[in-house]
Structure formats: structure tokens, C-alpha cells
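Inside the fold
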Amino acid sequence: MQLLGRVICFVVGILLSGGPTGTISAVDPEANMNVTEIIMHWGYPGEEHSVQTGDGYILGVHRIPHGRKNQFDKGPKPVVYLQHGFLADSSNWVTNIDNNSLGFILADAGFDVWMGNSRGNTWSRKHKTLSVSQDEYWAFSFDEMAKYDLPASINYILNKTGQEQLYYVGHSQGCTIGFIAFSQMPELAKKVKMFFALAPVLSLNFASGPMVKLGRLPDLLLEDLFGQKQFLPQSAMVKWLSTHICTHVIMKELCANIFFLICGFNEKNLNMSRVDVYTTHCPAGTSVQNMVHWTQVSTPGYRWAQVSTLGYRWAQVSTLGYRWVQVCTLGYCWAQVKLVLGKVGAGQAREPPSIALLHTCPRQKQ
């Protein structure tokens, strides 16, 4: 208790100090904007769409239909769909400055950019019949995201744009639900021209970090700690801390280290001037059930069941580019999608051996 008291006094002293350590930087206006407002803040057109899934969830999807300089280009534009990772949202693609945000870069390159939001996050908290106050609403994990969210979003986008195929860019959990959906629904996989897998998660056997350590706790204990509904949602308290605490010079460093603890240390790739923008949008929340599902994956000795369909239980990946891939992992077989793998940063949640498994997975002989 004495140590805690000293820490609190230290923090309060910094915040009240008039010296250099108490220097406060101005709050970035984007910290108080929603995704569409951020898009328009940088001079791009922004749209908000609602997609209803087969099981009644209503998802928010954001769109940048064109770039700042190609708005008068005639003809259909290639469509690209960006899907965020665990605890994230569509803001991930636009919260850097304009020339360093993938959503803006792709729009300026001539793409029609769509950014999805998984059920339960900040922009996808509606349902046809259920309320977020009900336990039933939160009874989902990445399995339902793959089964319902991804097909509904892709079909909506293709119907809206009149295109037959799109490019799919997934990050982390966004890759996982892609692997599951495209393996379980070959007809959906045919609608994907190319799948770009950024920091793909196929296994947590080699993962480390606090979030993985949390997964070592028993499921019942996790539910006692976090309840049975939402896990780490964006809230008024988080926003207040982001705009009042993270704007202080020293505290900004501490706020940044929260990201490093969860995602891995990579200071060179974190824009410290925008920490308040990042933290006011992420974490964006998910369900406790989804978090528990991931902890089961990281449990020592836990292995996904290997299911063989037509004798396939293998994957082929070209390190120099891409090839047609037979995806068979997480207990799901099989899919043919054109796949490009990408390792992003040095995240503790996705170590190189996890990706290397794709190269060593043997073909099952018939």
C-alpha cells in the first residue's frame, strides 16, 4: 500500500508540476473524432454503412470511395477490404498521418477502400433483437466473426460496388477469421482476388507477452475477473486518461509502453505525437468469450484438431511471393485463396516460428 501511495503521489506530482516534466502537449483534435470524421479531417470522402449478419448483429463498415486527387476518375475502382485484429477497430487504418495510413494510401492509389468492424467493438454494438446489456449479445468469439461477420460484409460490399471480387487485407485476428471463413466457405473464397495476411495468427504455441500470460489463467477465473460480457471496451474513462494523462511528456512514454506490453516493443514504428489518438480509439473492445477462446488456443498442450478433407492437411507458401494455398489449420480444411504473408513489426503475439509452421506443415498422403 505504501508503494502504491508513492506511485500515485509521483504521478500526481508530475501532472501538477509546472516544470519541464509537467509539460503538456495539446490534445490532437482527432482524439475526439470518430472514424468518418478522421477520414474527412484529412480531406478524403468518408461513408458509414450498416451490415446485418445472418444472426442479427449490425456491423459498422467505413468507406473511403476514392482518394483526394482521383475523385473524377471514371470507371469502377478495384475494391479492397481491410479487417482489423483483436481489440481493434477500423480506425487502425487511418489513425496515422495521411501518408502513413494504409487506408489513405490505398485510396490515393486508386482503390475503393472499405474497413470492417467485428461484432462487439466500438462501431458494431447493435443487434436486431438483443441489447449489449444482455449476456446473449456477448456470446460470440472469432468463430462467429468468421461464420457470419465476414461473409455478410464481403457480400454487402460486392453488392454495393457491383464488383465480383475484392482484395482482402487482414491483420492478426483479421487473418484468422479469413482463414476460417475461406476454408469453410469455398464460394466466399472465390470472391477474394488476393488475401494479404499481415501478422497472421495460426497458432499461439510460440507467443509471449502479458496477454498470453493472462491466457494461462483458468477460464472461470477470467470470467470472475472480467465478467461474461465485454472485454476492454473503449470508455469515457479511457478517453479521459488518454487526453489528460497521455498528453504529458513523461506519461506519454508510459502510455506508449502499454502498447508495447500488449503488442511487442517497436518504438521506431510508433508515432509518439499521436499516442492520444491511438488510445482514444483502441482498445475498442470485444467479448469476454472471444478473449477466453483465444486463451484456450494459448493453453500449454492445447492443439487444434486436425481435420482432413479429401486428404488435404497441408499448406504451401512461397517466401518470394505468393502461390495458391491449401489452408488447413485451426481445425478447418480447406481453402484455395491467393495468399500473401507479411510480418509486421516485432509483436510478442506473433513470433516467427508461428509463421514458419506454414512451411513445415506436411501434406497428408492419400
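Whatever comes next refers back to the structure up there.
Residues numbered from 1 in each chain as written. Predicted model: local features only at pLDDT ≥ 70, side-chain atom pairs only at ≥ 80, totals over all residues. Heavy atoms only, no water.

A short note on the pairing of strand 3 (residues 79–83)
Looking down a regular strand, the side chains alternate between one sheet face and the other. Our working definition: Exposure classes here rest on a 1.4 Å probe applied to the protein chains alone. A residue is buried below 20% of its type maximum, exposed above 50%, and partly exposed in between. Elements are defined by DSSP. Helices are runs of H or I of four residues or more, strands are runs of E of two residues or more, and each kind is numbered from the N terminus. Any two strands between which DSSP finds at least two bridges are classified as paired. By the criterion used throughout, a crossover qualifies as right-handed when its path from the first strand across the helix to the second strand runs clockwise, the strands pointing away from the viewer.
Counting buried residues along strand 3, five of its five residues qualify, which places the element largely inside the surrounding structure. On strand 3, burial covers both faces: V79, Y81 and Q83 on one face and V80 and L82 on the other are all buried. Across four bridges, the pairing between strand 3 and strand 4 (residues 112–115) is parallel. Across the sheet, V80 pairs through a bridge with V113, a residue of strand 4. Crossover handedness for the path strand 3 to helix 3 (residues 102–108) to strand 4: right-handed.

Concerning the pattern of salt bridges
Stated formally: Think of a salt bridge as a Lys or Arg side-chain nitrogen and an Asp or Glu carboxyl oxygen that are within 4 Å of each other.
Within this structure, the stated rule accounts for eight salt bridges. A salt bridge links E30 to R274, with the nearest nitrogen and oxygen atoms 2.9 Å apart. Taken together, the positions of E30 in the loop between helix 1 (2–16) and helix 2 (35–41) and R274 in the loop between helix 10 (249–263) and helix 11 (275–279) put the pair 244 residues apart, joining distant regions of the chain. Put simply, R63 and D112 hold a salt bridge, and the shortest N to O gap is 2.7 Å. Highlighted residues: R63 in strand 2 (residues 57–64) and D112 in strand 4, separated in sequence by 49 residues. In terms of burial, R63 and D112 fall into one category: buried. It is possible to trace a salt-bridge network through shared partners that takes in D28, E30 and R274.

Topic: the nonpolar core
Let me state the cut-off plainly: Here, nonpolar core means buried Ala, Val, Leu, Ile, Met, Phe, Trp, Tyr and Cys residues that are tied together by side-chain atoms lying within 4.5 Å of each other. Two residues qualify as a contact provided that any one of their heavy atoms is within 4.5 Å of a heavy atom in the partner residue.
Membership of the largest hydrophobic core comes to 39 residues, with the highest contact counts inside it found for Y81, L150, I154, L166, Y168, F182 and F195. When contributions to this core are tallied by element, the ones reaching two or more residues are strand 2, strand 3, helix 4 (142–161), strand 6 (166–171), helix 5 (173–184), helix 6 (186–189), strand 7 (192–198) and helix 12 (288–298). In terms of residue count, the dominant contributor to this core is helix 4 (eight residues). Residues within four places of Y168 in sequence aside, it is in contact with Y81, Q83, L150, G174, I177, G178, F182, V192, M194, F195 and F196.

Regarding the side chain of S124
As a reminder of what qualifies: Counted as a polar contact is a pair of N or O atoms within 3.5 Å, where, for protein atoms, one must be capable of donating a hydrogen and the other of accepting one, and residues adjacent in sequence contribute only when both atoms are in side chains.
You can see S124 is positioned in the loop between strand 4 and strand 5 (126–127). A polar atom in the side chain of S124 sits 3.1 Å from the backbone oxygen of N117. Beyond its immediate sequence surroundings of up to four residues, S124 is in contact with I58, L59, G60, N117, S118, R119 and Y137.

Concerning the environment of P283
In this structure, P283 sits in the loop between helix 11 and strand 9 (286–287). Since its relative accessible area comes to 27%, P283 is described here as partly exposed. Along the chain, P283 and Q234 lie 49 residues apart, while their C-alpha atoms are 5.9 Å from each other. Those residues in contact with P283, other than ones at most four positions away along the chain, are L87, L232, P233 and Q234.

Section: a nonpolar patch on the surface
Rule in force here: Residues qualify for a patch when their relative accessible area is over 30% and they have no salt bridge, like charges being joined within 9 Å and the nonpolar side chains of Val, Leu, Ile, Met, Phe, Trp and Tyr within 5 Å. Only the protein chains shown count as cover for residues, and the accessible areas themselves come from Shrake-Rupley with a 1.4 Å probe.
Taken together, the side chains of L221, L225 and F226 present a nonpolar region at the surface, about 250 Å² in accessible area. For F226, the position within the fold is in helix 8 (residues 219–226).

Some remarks on the packing of aromatic side chains
To be explicit about the condition: Any two of the Phe, Tyr and Trp rings considered here, Trp counted by its six-membered ring, make a pair once their centres fall within 6.5 Å; the pair's planes then place it as stacked at under 30 degrees, edge-to-face at over 60, or tilted in between.
A full pass over the atoms with the stated rule returns 17 aromatic pairs. Ring centres 5.8 Å apart and planes at 35° place the aromatic pair Y81 and Y168 in the tilted group. Placement of the pair is Y81 in strand 3 and Y168 in strand 6, with a sequence separation of 87 residues. For Y81, a relative accessible area of 1% corresponds to the buried category.

Concerning the side chain of D276
Within the secondary structure, D276 sits in helix 11. Filtering out sequence-adjacent residues up to four positions away, D276 remains in contact with A26, V27, D28, A31, S242 and T247.

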